[in-house]
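Observations on chain architecture
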Amino acid sequence: MENLLKDFELQAKNPSEEALRRWRSAVKIVRNRRRRFRMVADLAKRSEARNKILRIQGQLEVALAVQKAAFSFIEADLHAGNEVASDLPEEVSQAGFEIDADELESMVYRKDSAVLQRFSGIEGIARCLSMSLDKGISAVERPPISIRQKIYGTNQYNENPGKSFLVFLLEALQDTTLIILMLCAVASMVLGVVIEGWPNGIYEGFGIILCIFLVVMVTATTDYEQFLQFRDLAKEKKKISVVVSRDGCKREVSIYDLVVGDVVHLYPGNQVPADGIFISGHSLLIDESCLTGESDPVKICSRNPFLLSGAKVQDGLGKMLVTSVGMRTSWGRLMESLSEWGDNETPLQVKLNGIAAIIGKIVLVFCVLMFVVLAARFLVEKALQNELLEWSYSDLLTLFNYIAISVTVFVAAVPEGLPVSVTLSLAFASRKLMNERALVRHLFACEIMGSVNCICTDKTGTLTTNQMTVDKVWICDEVIESQDALRSAVSEGILQILMQSISLNSASQVVEGKDGRTIFLGSPTDSALLEFGKLLGIDFSHHHLESQKVKVEPFNSVKKKMSVLVDLPASGLRALTKGAPEIILLMCDKIIKCNGEAVPLSEVQRKIVMNIIDTFSTEALRTLCLAFKDVTDTSEEDKIPEDGYTLLAVIGIKDPVRPGVKNAVRTCLAAGITVRMVTGDNINTATAIAKECGILTDDGLVIEGPDFRCKSQEEMKELIPKIQVLARSSPRDKHILVTKLREMSGEVVAVTGDGMNDATALRDADIGLAMGITGTEVAKENADVIIMDDNFTTIVNLVKWGRVVYLNIQKFVQFQLTVNASALTLNFLSACISGSTPFTAFQLLWISMIMDILGALALATEPPTDKLLQRPPFGRGMNFVTASMWKNIIAQSIYQVAFLLVLKFHGRRILNLQGPDAGSVLNTFIFNSFVLCQVFNEINCRDVEKLNVFHGMFNSWLFVTVIFSEVAFQVVIVEYLGFMANTVPLSWKLWLFSILIGSISMVVAVGIKCTNLVMHSETVKYHDDYDALPTGP
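For every chain, the first residue of its written sequence is number 1, and the numbers climb from 1 along that sequence. Side-chain atom pairs in this predicted model are given and counted only at pLDDT of 80 or more, local residue features only at pLDDT of at least 70, and totals for whole chains, interfaces and linings cover all residues. Only hydrogens and water are removed before side-chain values are computed, so all heavy atoms of the structure are retained for them.

Per an unreviewed UniProt entry, the chain is named Calcium-transporting ATPase, and its organism is Nyssa sinensis. Recorded under Catalytic activity (unreviewed entry), the UniProt text for the chain is reproduced unchanged: "Ca(2+)(in) + ATP + H2O = Ca(2+)(out) + ADP + phosphate + H(+)". UniProt positions are given in the numbering used here, feature names are shortened, and annotations may be inferred rather than shown by experiment.

What follows is the structure in C-alpha cells.
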C-alpha cells in the first residue's frame, strides 16, 4: 500500500507547492468534491491572495520611497505657510475631533511627514484626537470610546462570513452517487406506481430517498459541528492583549478593543497592533518585512515616526499613538487576503485521500463489472425465453434497480469518510486540548505530537513557576537574606544606588490595581527586583520624576544584559547595567565597599565573587549582577559605556520548580521521550534544576552554549545524543541543537520558546511550542501550538492527545476497510454467481452510514488514556496501515464473506426456512447478520493490538451512544420499516443467531491478535511489556 501512496507523501511543515498540486491531481474519483476538499487549501485563491499581498507590499515600498524624498521638502513646505484643512465631516467635528479617519489613514500609510508637520507634529495630532500623550484617552470623559469606534472604526478586519447549516446541507447533496441514486429512486417510484399502483409502488423508491435524506442530514450535521469547532479555535488564535495607557494608568486590553487615540506600549517581540505615530522610546527597531518585503529593520524615531500595523518590534521600547485601526490599516487589508489563504492539509489527510482514491478506482471497476454481469444475465434470460424484443415496465424497473444497486455498492465500498475522519478527529482533539490549556494553531501538530521522541524545553516558566522572588543578595562582601538586614548592613549612599539600579534599570512597569494594590507588569525577573525594591521602601514615582532616561538598551537573549543611561539631578549622568554575571563581571574593573568607596576589582576579589555566584547557583538560584558607572565625558552622553563599571551586588532569585513537573518528566521518559533542558542560566543553576526535575541522569551531559556551538560536526554527532542540559545558551544554540537532532539523529523534535529570537527554532522544529503567558507575539506566530499556561505538564497532555489521534484514525481505517472489502466482495460474488445481490439499495445506504459517518464518530473521537504514555512513540515515516491491521482486515472480510455466502446459497436448508416468505426472511437475516458483524467489529477495532477491547469503553460516551444507536436503528429497520427496506420481522431465535454470527468476529479478532503475540514474542519488549506496532508490508 505504501508504494502506491508515493504521490500522497507530504511534509507536515511548509510543504512545496508541487507536492500540494501532485496529490490533488492524483485524486480522480471523488463522490463529493466539495466535501472531500473542504478542509484543503484552495491553491487558486491562495495564488490570488499572494498576488494581492505583493501589490500591497509594492504600494508600501512606494510610500517608503516617497517618505524619504519628502524629508528634504518638509522645511520649505512649512515656511510656505501651508495650513491644515478645516473641511471636516460634520459628525467628526460634532464629536469633538479635528481630523477625520481618511486623513489619518493616508498620512500614516504614505508615511507623509509633511502632513504630520502641518498638524504641528504628534502634539497637534493628539489635540485633534482629544487625548493626552501622557495619560491616553479617558474612559469617562467625552468623547466616549463608542464614539471613537463609530467615527474611526473598530480594530477588526473583514473575514469570510460563516457558513450556515443550509450551506453544509447543500454541499452534502452534491454527492454524485447520491444524485444518481435519487434519479433511480424517482424512476423506481414512477415505474412502481405503473406496475403495482399507489401506494405500494412508491415504497422502495421512497425508502431510498428517505435513506439518502438521513445520510445527508447526518453528514451535514457532523460537518457543521466540525466547522463550529474550527471557528471557535480560529477565534482563540486571534486573541492578543496589548498594554495601553488610559486615564493615566497602564492596563492590558484586547487588541479588538483598541481605538484611535489609544497610547500603546511596545516591547521586543510585540506585533504593532494598529497604524500609529511614535511618541517616545529608546532604540526602537521595527521589522516590516511582512508588509514591505524588506528584511532590514527600520529604526523608529521622531524623524521616522510612522508605525504600520502587523510589523514586529525587533528591539527597544516605545510608545505609539494609534491613528488607524481595522480595515483602515495596511495589515487589515493584508489579513483580508490572508483569510482566504487556507491552512495546509495534514499528512494524514493527504495519505487517507490517497487510500480512498486507490480504493475508489478498484471499486469503480468492480461496480461496472457487477452491473455488466447483472444486465448480461438478465438479457441472456430474456433471450432464452425469446423475449429480448419484448420489454415491459417491470423489465425497465429491474434495470433501474441494477443501476441503483451498482451505484449503492460504490457508495458503500468507497471509503469517502477516511479523509473526513482525520478532520473529525483533529477537530475533536483540538477542542479538548483548548480546554486543557493548549491552543493548536496548525492541525498537523496533533498528528506529529504522537511521533515526538524529544522535547527541548526552556526552564523558566515551563519547568518552574515563573513566580520569582529575590532570595539572597551579596553586597559589600556580605550575603544578606532580608530587607532589614540589608538596610543595616550598607550605607545610605550604597542603598540609594541600589534603589536607583532596581527602579530605573527596569523594563517592568509599576501600576496600581483597582483594589489599590501595586502591580508589576513585565518580565518576572524585573518584577522580582521591583517587588524586592518595594519591600526596601523605594518610592518608584519619586525616582522616575527626579531623573531622566537618556538612553535605554533593553535586555535581549543575545546581549544577556539591560543597560540604561540616566541623568540624575545630584550626580549627573550615571550608567546602570544588570545581567548575566559572566557578562557584567567582564564590564567591571571596580567593586563597591561598605563605606561607599569604589576600589579596583582584583583577581582575588573576582574569584570571591565567582564563588558567591557558584554558591547561589548550586542552590538553584538564578543569579544576576548589578553594576553602575558615573559618566563624566559629556561628549558620549548618548552612548551607554561598555566597560569601567563598578560592581554593586550579586542577586540570587528563586524560581521554584512547578508541582508535578518531576512526574511529568518521568512520564515522558517512560513514554520513550527524551527531555532536554535549554536555558540561559549558568551551568550550576541549570544542573541543580535539571536534577530536581529528573531531567539530568547519571550518564547525561551538561554543556554550555559557547562550548556547544564551537564543536565540529563529528564532535556534535557524538555529543548530541548525550546532551540533557544546554546551559548559558543563546537562541542560536537552541536552533543548532534542534536542527542537528533532526538531521543527525533523525529525532522528531518538539521545542518550546517564548522570545522573539526563538522564532527560528520554533519554525524549524517538527513542533514549535510557544508560551502563552510569557511568549511574545513573534514566538506565538511561529509556533504550531501555544501552551496557554506555560506548564510542562500541558505538553505531556499534548503528547497523549497526539498519540490518540493517530491511533483513533488507525482504528477507523481498519474498521472502514473491513466493511469496504466485505461489502464489495459479497455483492460482487453474489451477483456473478446468482445474478442478484443480497442487499437492496436502502440496506446498502444504511451500511454506508454505519461505515462512514457513525463509524468515524465512534472510533475517531475516543479520548486518550494514560496507557498511551506507556508505549513508544510512532516512528517517523512508519507505515500507517500496519501488518496487524492488514491481518485483521483480511481475516474479518474472509469470515464475513464466506459465512454470508454460505447463508446466501444454503441458508434455507441451514435455517430450516419454509413457506412463501422464506426468501425474504433469509435476505433479512443475511442483512441483519452483516450489520451486526460490523457492530461487533467496530468494538474489535477499539484496540488494534490488545486483546481486551472493552477496557475503558464506557469512558467514551460517544462510542457507546453510537453503538447503541446503530443497534436500535437496526431493530427499527428490520422490524418496522420493511415496506421501505425490503425486510421482514425476524423471530427471536434468528435474532440470537444473527448476534452469534456477529460476535464470532470478536473471536476471529482474538485469534489474529494471539497470532501476532506469538510472532512477535521474540521482539524487544518495552517497559510496560507493550510490543512496538509492527510495520506494514
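Anyway, onward from the coordinates.
This part covers the overall build of the chain. Along the chain, the regular secondary structure elements total 37 helices and 26 strands. Here the term buried applies to any residue with accessible area under 20% of the maximum for its type, exposed to any over 50%, and partly exposed to those in between, with areas from a 1.4 Å probe on protein chains only. When each of the 1033 residues of the chain is scored for burial, the buried share is 56%. Only heavy atoms enter the contact rule, under which two residues are in contact if any of them lie within 4.5 Å. At a minimum sequence separation of 6, the contacts of the chain that also span at least 24 residues come to 73%. Only the protein chains shown count as cover for residues, and all accessible areas are computed by the Shrake-Rupley method using a 1.4 Å probe. For the chain, the accessible area works out to roughly 42700 Å², and carbon and sulfur atoms hold 56% of it. To qualify as a helix, a DSSP run of H or I must reach at least 4 residues; to qualify as a strand, a run of E must reach at least 2; elements of each kind are numbered from the N terminus.

Moving on, we get to the nonpolar core. Buried residues of nine kinds, namely Ala, Val, Leu, Ile, Met, Phe, Trp, Tyr and Cys, make up a nonpolar core once their side-chain atoms join them within 4.5 Å. Counting residues in hydrophobic clusters, the biggest one holds 165 residues, and the most contacted among them are I455, I767, F792 and V813. With 21 residues, the single largest contributor to this core is helix α31 (residues 792-834). In this view, F792 contacts I455, T457, T462, L463, V661, A664, V665, C668 and V675; residues no more than four positions away in its chain are not counted. Counting residues in hydrophobic clusters, the runner-up holds 51 residues, among them C128, L258, I277 and V322.

What follows is about the pairing of strand β2 (residues 249-254). DSSP bridges decide pairing: two strands pair if at least two such bridges lie between them. Bridging between strand β1 (residues 241-246) and β2 involves 6 bridges; their strand directions are antiparallel. Note on β2: the bridge partner recorded for V243 is E252.

Right, let's talk about the packing of aromatic side chains for a bit. Two rings from Phe, Tyr or Trp (for Trp, the six-membered ring) form a pair when their centres are within 6.5 Å of each other. A pair whose planes differ by under 30 degrees is stacked, one over 60 is edge-to-face, and the rest are tilted. One pass over the structure, following the stated rule, counts 15 aromatic pairs. Put simply, the rings of F165, F168, Y224 and F227 touch in pairs and so form one group of aromatic residues. Lysine and arginine charges are scored as sitting over a ring when NZ or CZ, respectively, is within 6 Å of the ring centre and within 35 degrees of the ring normal. The ring of F959 carries the charged tip of R942 above its face, separated from the ring centre by 5.5 Å.

To characterise two packed helices, one gives the angle between the axes of the helices and the distance between these axes. Axes here mean lines fitted to C-alpha atoms, for a helix over just the part in contact, with angles spanning 0 to 180 degrees between N-to-C directions. Interhelical geometry of helix α32 (residues 841-859) versus helix α35 (residues 957-976) gives an angle of 170° and a closest axis separation of 9 Å. In terms of orientation, α32 lies roughly antiparallel with respect to α35. When you trace α32 past α35, the crossing you get is right-handed. Facing α32, whose interface residues are F842, W846, I850, L854, G855, L857, A858 and L859, α35 presents L958, F959, V962, E966, F969, Q970 and I973. When residues are grouped by polarity, Ala, Val, Leu, Ile, Met, Phe, Trp, Tyr, Cys and Pro land in nonpolar, Asp, Glu, Lys and Arg in charged, and all others, Gly among them, in polar. In terms of residue class, the contact of α32 with α35 is built from 12 nonpolar, 2 polar and 1 charged. Should an angle fall under 35 degrees it is taken as roughly parallel, and over 145 as roughly antiparallel, whereas 65 to 115 is taken as roughly perpendicular and any remaining angle as oblique. Handedness of each helix crossing follows the sense of rotation of the near helix against the far helix: counterclockwise by less than a right angle gives left-handed, clockwise gives right-handed.

Glancing now at the side chain of K250. Looking at where K250 falls in the secondary structure, it is placed in strand β2. This count recognises Lys and Arg as positive and Asp and Glu as negative, with His and chain-terminal groups excluded. The term salt bridge refers to a pairing of a side-chain nitrogen on Lys or Arg with a carboxyl oxygen on Asp or Glu at a separation within 4 Å. Of the side chains with opposite charge, D134 lies nearest to the buried K250, which makes no salt bridge, at 11 Å. Setting aside anything within four residues of it in sequence, one finds K250 in contact with V243, V244, S245, H265, Q509, V511 and L521.

Moving on, we get to the UniProt feature "transmembrane region" (unreviewed entry) in the chain. Taking the numbering used here, the UniProt-annotated feature "transmembrane region" (unreviewed entry) corresponds to residues 178-195, 201-221, 358-380, 400-429, 956-978 and 990-1008. The span residues 400-429 shows a helical share of 90% and a strand share of 0%, and its end C-alpha atoms are spaced 44 Å apart. Helix and strand shares over residues 990-1008 are 100% and 0% respectively, and the end C-alpha atoms of the span are 28 Å apart.

Attention now moves to the pairing of strand β10 (residues 469-475). Across the 7 residues of β10, 5 count as buried, placing the element largely inside the fold. For β10 and strand β11 (residues 478-480), the ladder comprises 3 bridges, and the chain directions are antiparallel. Among the inter-strand pairings, I475 is bridged to a residue of β11, identified as E478. Between β10 and β11, which pair antiparallel in sequence order, lie 2 residues; one of them, C476, sits at a positive phi of approximately 55°.

The phi torsion of most residues other than glycine is negative, and most of the peptide bonds are trans. Residues other than glycine seldom take positive phi values, yet D247 does so here, at roughly 55°. Within the element layout of this structure, D247 appears in the loop between β1 and β2. Positive phi is not limited to glycine here, since N982 has a value of about 60°. Among the structural elements, N982 can be located in the loop between α36 (978-981) and α37 (988-1015).

Next up on the list: the sheet that holds strand β21 (residues 674-678). Read across the sheet, 8 strands follow the order β8-β26-β25-β24-β9-β21-β23-β22 without closing on themselves; strand pairing throughout is mixed. Edge positions in the sheet fall to β8 (438-440) and β22 (701-704), since each has one partner strand and no second. With strand direction ignored, the average angle separating the axes of adjacent strands in the sheet is 20°. Sheet topology note: the strand β9 (residues 454-457)/β21 ladder contains 4 bridges and is parallel. Looking across to β21, one finds that T457 is bridged to M677. Here helix α28 (residues 731-744) sits on the sheet in contact with β9, β21, β23 (723-727) and β24 (749-753), set at roughly 170° to β24.

Now for the pattern of salt bridges. Where charged atoms from two side chains of opposite charge approach closely, those side chains can pair. Tallying each qualifying case throughout the model produces 28 salt bridges. For R606, the salt bridge is made with E603, and the minimal N-O distance between the two is 3.9 Å. Of this pair, R606 and E603 both sit in helix α23 (residues 603-618), separated by 3 residues, roughly a single helical turn. R742 is paired through a salt bridge with D766; the nearest N and O atoms lie 3.1 Å apart. Residue R742 is found in helix α28, and its partner D766 is found in the loop between α29 (759-764) and β25 (767-771); the two are separated by 24 residues along the sequence. For R742, a relative accessible area of 32% gives the class partly exposed. Assessed through its relative accessible area of 8%, D766 is described here as buried. Among the ionic contacts, a cluster of salt bridges with common partners joins D102, E105 and R328.

For the rest of this paragraph, the subject is α28. For α28, which comprises 14 residues, the first-to-last C-alpha distance of 20 Å matches the rise-based estimate of 20 Å (1.5 Å per residue) to within 8%. P731, D733, K734, I736, L737, V738, T739, K740 and L741 are the residues of α28 that are buried. In the segment just after α28, G746 is the residue with positive phi, at about 65°. To estimate the expected span of a helix, subtract one from its residue number and multiply by 1.5 Å.

For the rest of this paragraph, the subject is the state of the cysteines. Here, the term disulfide refers to a pair of cysteine sulfur atoms separated by no more than 2.5 Å. Summed over the entire model, instances satisfying the criterion amount to 0 disulfides. Cysteine C594 remains unbridged, with the sulfur of C476 as its closest cysteine sulfur at 4.2 Å. When its relative accessible area of 39% is taken as the criterion, C594 is described as partly exposed.

Turning our attention to α31. Here α31 contains 43 residues, and its C-alpha end-to-end distance of 63 Å stays within 8% of the 63 Å for a straight helix at 1.5 Å per residue. Where burial is concerned, most of α31 is hidden: 35 out of the 43 residues are buried. What qualifies as a polar contact is a pair of N or O atoms within 3.5 Å, subject to a donor-acceptor requirement within protein and to the restriction that residues adjacent in sequence count only when both atoms come from side chains. Capping of α31 at its N-terminal end is provided by N791; its side-chain oxygen lies 3.1 Å from the backbone amide nitrogen of T793. Of the residues flanking the end of α31, it is G835, one or two places downstream, whose phi is positive at about 80°.

Another point: the confidence of the model for the chain. Residues of the chain with pLDDT of at least 70 account for 89%, and the chain-wide mean is 83. The low-confidence segment residues 71-85 (pLDDT under 50) makes 14 contacts with residues lying over four places distant or belonging to another chain. Values of pLDDT, the confidence the predictor places in each residue, fall between 0 and 100. Note that residues 1017-1033 has pLDDT below 50 and, in this model, 39 contacts with residues that lie over four places away or in other chains.

Within the secondary structure, S503 is located in helix α19 (residues 492-504). Among the polar contacts listed, one links the side chain of S503 to the backbone oxygen of M499, at a separation of 2.8 Å.

Attention shifts here to the environment of E436. Position of E436 relative to the elements: it lies in the loop between α16 (417-435) and β8. Sequence separation between E436 and I795 is 359 residues; the distance between their C-alpha atoms is 10.0 Å. Here E436 is in contact with T794, N797 and W801, once residues within four sequence places are set aside.

Quick look at a nonpolar patch on the surface now. Surface patches are defined over residues having more than 30% relative accessible area and no salt bridge, joining like charges when they lie within 9 Å and nonpolar side chains (Val, Leu, Ile, Met, Phe, Trp, Tyr) when within 5 Å. On the surface, L379, L388, L389, W391, Y393, L396 and F400 cluster together into a nonpolar patch covering about 700 Å² of accessible area. A per-element tally of the nonpolar patch places helix α15 (residues 393-413) first, with 3 residues. Mapping W391 onto the fold places it in the loop between α14 (347-384) and α15.

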